[in-house]
Amino acid sequence: MRKSILSLATLLFLIYSCSEEIDTSARYVFTEYTVASYLEAHPEYSQYLELTKLVPVSGKSKSSVYQLLTARGNYTCFALTNKAIDNYLQDLVAQGLISEPSWDAFTDERKLDSVRKVVVLNTVIDGHDTETERYTTDLITSFGGGNENAQFPLPTIYDHKLTYSKGKNDTILLDKDCPIDPKNRDIPLINGVLHQLHKVIAPLDESCARYIQNILNEKREGYLMFSKALQVCGLLDTLSVVRDEVYESLYQAGVIKDMEDYEKKGGGDMSAISGDPNAYAPEHRKYGFTFFCETDEFWRSQGIDPTASDAVEKLQKWIVANNMYLSEGGYVDDTNYTSPKNMLYQWLAYHILPMKIPANKLVYHCNELGYNGYNPGSNKSYSIPVMEWYPVYGGDRLIKIYESAESNGIYLNSFPERNNGILQDGHEGYCDPAKRGVHILTTDDMAEVTNIANACIYPIDKPLAYTDVTRDDLSKERIRFDLFALFPEAITNGIRRADSPQGRWQHVFVSLYNKYDYFNNMKIMNEETHFIHYNGYKTPWANYSGDEDKAWGHFDIRFKLPPVPKRNTYEFRYKLLATAARGVVQVYFGSDPEKLPVAGIPIDMTKEVQEFFGEGATWGDLNDTNKEEDEIIDIDHKLRNHGLMKAAKHECELSTTTSRAKSNCSRHIIVRQTLDPSETYYVRFKSVLDLERPELYLDYFEYCPKEIYDSPEKPEDIW
């Protein structure tokens, strides 16, 4: 047996040697096995090995998983021991699915095939052409900065993303309870890495509606009160959707296509080329939700028994008695719970985001000043605050998600004081306990991040509500939106800040004029517009969150914007990074998407800050280097007279050079006008050039209230 295995390894080595030059220091000289041949050589995997031969890689492939594991590639294999599979079969007996712990006990062939697929396909991650995407345990424990419940960057071939956590004695657990053997792990092989696994990875993979209904049927405590509220508010049907089947059929039929050789067709600045000449359309359009939930333990502390028949009525009375609503919202204290104006409905909706956000993506630590996200490791220290503002379910109110070095966790609606003066360090300074906000317990045992196909559920440490105080706190902040924060689909489908160098994630092509709008909040206005998302993974750009977006080809594109918190005068701003590849754009802004008024004069996106300022100006005249605070403030004031600002000091290029320090980074004040939270606003970008190649550059937008940009007490911060 050993002789045949060695022969196979030798043959593979010779094949590789004939096809390309081999680095003699590479992994091939240290191993004699492929993943498949390693399994064959070790009898403790005999059941798993046989299953890999029976299970196809996908519904469209005739090749088995075993054949995949014999091929060249970069596979991470979580190999199941015979005992792990025996225990799983015994569990199926206990569940009443089979009569005895044997694969022969299945009476339904389709059910047998389905169970085999769950067992096998969740054990293999295909890293394709990227050797760095062989997931060793060192790499696994670095995901999400080493925080527990962090999601793997790539899915299994079952299209399930595993999570990492720690067990006793620092055991590495997959999906909370599947332990990797502490000794038989990190086994380097010709085509991947293998870890021994002692429990079958079998996520429920059910819809959120089914998950909630099971809680209700079983009267299972934990989230029973919250589940009852979802049911009476009529949201279970909404929570049953998992995948957009219309998009799926269009993609499978080839109507939705990739852009081949996009470098040749696009604008002149094809930044962060991954080595893959193509830009890829998303394979799926999944739906998702994120819930921030008070637990039943909390409700019992408030005198409400979640199991009681009148629990919902008592919950609504509690909401009213504790002023857990916006006084100006026109909400009604009645039993018409399915109405968005009902007290319970409005309170519940503020706990839901219309996107599925894994624990390590609630905020994005990437390239903020003082933090180097380009070399992820297990011992990372956060620095200046990072935050996101998202519209909650229904789209009419904002919620803020915040984390800093000083916060010791991720919080909802946290409003600390920050050292954000011109010559300060940008860190969080002091936080009044009353302003700290609601702690998201991402690593709590009750955090559900693996079993629900279309949702994540996080427990919180105190009640959450959109009150007058919350609204007023939000209205006193400058609110910055990364473009891809506008798209729930980008977050749910793992497109935004995908932690992978693969071309599929580095360059995402979305250009479906008159075919399908992948993003509900983006409208491509003509068939000549081509839109690509540049993920920027490990690329040292001075872009917010590290990514950027571009369109070209007589581009014309419109975005639906989030609501403002409160009626007020705001500046709406657009951040630009100028290069010679950019074009000239006319911006439109308003509340009627079909009749948006022109907002200012066209912006020449090739111009740097000093060129907008006036003839004879140099960047040395305008930047902050070797200048006193008063001089910096005066220059910023003069730039504002030109409708211009330097970019923020928050994000960095190469860890130290902030976008504020770059002459080609700027913020343009598009409009300064009264905005109302009851209105929906749109911004449109249209090329004014009769040329195809000049690009539209997109990074982030800002809402800034008058109290900040026109404060008589202190200038707006530079962060």
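Residues numbered from 1 in each chain as written. Predicted model: local features only at pLDDT ≥ 70, side-chain atom pairs only at ≥ 80, totals over all residues. Heavy atoms only, no water.

### Focus on the overall build of the protein chain
Part 1 of the argument: Looking only at helices and strands, the protein chain features 21 helices and 33 strands.
Part 2 of the argument: Against the globule reference of 27 Å for 719 residues, the protein chain gives a C-alpha radius of gyration of 27 Å, in line with a compact fold.
Part 3 of the argument: Dimensions of the protein chain along its principal axes, counting C-alpha atoms only, are 80 × 70 × 50 Å.
Part 4 of the argument: Expressed as a percentage of the 719 residues in the protein chain, the buried residues total 58%.
Part 5 of the argument: For the protein chain, contacts bridging at least 24 residues in sequence account for 70% of all contacts bridging at least 6.
Part 6 of the argument: Here the protein chain displays about 30000 Å² of accessible surface, and carbon together with sulfur accounts for 47% of that area.
Part 7 of the argument: With 77 positive and 106 negative side-chain charges, the protein chain shows a separation of 1 Å between the mean positions of the two kinds. (Helix = DSSP H or I, 4+ residues; strand = E, 2+ residues; numbered from the N terminus. Rg over C-alpha atoms; globule rule 2.2 N^0.38 Å. Buried < 20%, exposed > 50% of the residue type's maximum accessible area, 1.4 Å probe, protein only. Contact = heavy atoms within 4.5 Å. Areas by Shrake-Rupley, 256 points an atom, 1.4 Å probe, with all protein chains shown as cover. Lys, Arg positive; Asp, Glu negative; His and termini not counted. Charge placed at Lys NZ, Arg CZ, Asp CG, Glu CD.)

### Re unusual backbone geometry
Part 1 of the argument: Phi at Asp-159 is positive, roughly 70°, even though this residue is not glycine.
Part 2 of the argument: The residue Asp-159 is located in the loop between strand 3 (150-151) and strand 4 (163-166) in this model.
Part 3 of the argument: For Asp-159, a relative accessible area of 36% translates into the label partly exposed.
Part 4 of the argument: Positive phi, close to 80°, is recorded for Lys-176, a residue that is not glycine.
Part 5 of the argument: With respect to the element layout, Lys-176 can be found in the loop between strand 5 (172-174) and strand 6 (178-179).

### Looking at the sheet that holds strand 16 (residues 438-439)
Part 1 of the argument: Taken in spatial order, the 4 strands make up an open sheet running 11-12-13-16, and their pairing is antiparallel. Strands with a single pairing partner mark the edges of an open sheet, and in this sheet they are strand 11 (386-391) and strand 16.
Part 2 of the argument: Bridge count for strand 13 (residues 411-412) against strand 16 is 2 bridges, and the pairing is antiparallel. Within the sheet, the bridge partner assigned to Tyr-411 lies in strand 16 and is His-439. (Pairing = 2+ DSSP bridges.)

### Points about the packing of aromatic side chains
Part 1 of the argument: Here the structure, examined in full by the defined rule, presents 37 aromatic pairs.
Part 2 of the argument: Plain terms: the ring middles of Phe-484 and Phe-531 are 6.4 Å apart, the flat faces sit at 5° to each other, and that makes the pair stacked. Taken as a pair, Phe-484 in the loop between strand 18 (479-482) and helix 16 (488-492) and Phe-531 in strand 21 (residues 530-534) lie far apart in primary sequence, 47 residues in all.
Part 3 of the argument: The buried category is assigned to Phe-531, whose relative accessible area is 0%.
Part 4 of the argument: A ring pair is formed by Phe-572 and Phe-589, whose centres lie 5.0 Å apart and whose planes are at 35°; its orientation type is tilted. Here Phe-572 is found in strand 24 (residues 568-577), whereas its partner Phe-589 is found in strand 25 (residues 584-590), with 17 residues between them in sequence.
Part 5 of the argument: In this structure Phe-572 comes out as buried when scored by relative accessible area, which is 2%.
Part 6 of the argument: Residue Phe-589 is classed as buried on the basis of its relative accessible area, which comes to 2%.
Part 7 of the argument: In this arrangement the basic side chain of Lys-161 is found over the ring face of Trp-505, its NZ or CZ atom lying 5.8 Å from the centre. (Phe/Tyr/Trp six-rings, centres within 6.5 Å; stacked < 30°, edge-to-face > 60°. Lys NZ or Arg CZ within 6 Å of the ring centre and 35° of its normal.)

### Regarding the sheet that holds strand 32 (residues 696-698)
Part 1 of the argument: With antiparallel pairing, the 4 strands of this open sheet are ordered in space as 19-21-22-32. Two strands in the sheet have a free side with no partner beyond their single neighbour: strand 19 (507-510) and strand 32. Between one strand axis and the next, the sheet turns by 20° as a mean value, whatever way the strands run.
Part 2 of the argument: Direction of pairing for strand 19 relative to strand 21: antiparallel, over a ladder of 4 bridges. (Axes fitted to C-alpha atoms, helices over the stretch in contact; angles between N-to-C directions.)

### A word on the environment of Ser-114
Part 1 of the argument: Relative to the helices and strands, Ser-114 resides in helix 6 (residues 109-121).
Part 2 of the argument: Ser-114 gets classed as partly exposed once you look at its relative accessible area, which sits at 35%.
Part 3 of the argument: Through-space distance from the C-alpha of Ser-114 to that of Val-55 is 9.5 Å; in sequence the pair is 59 residues apart.

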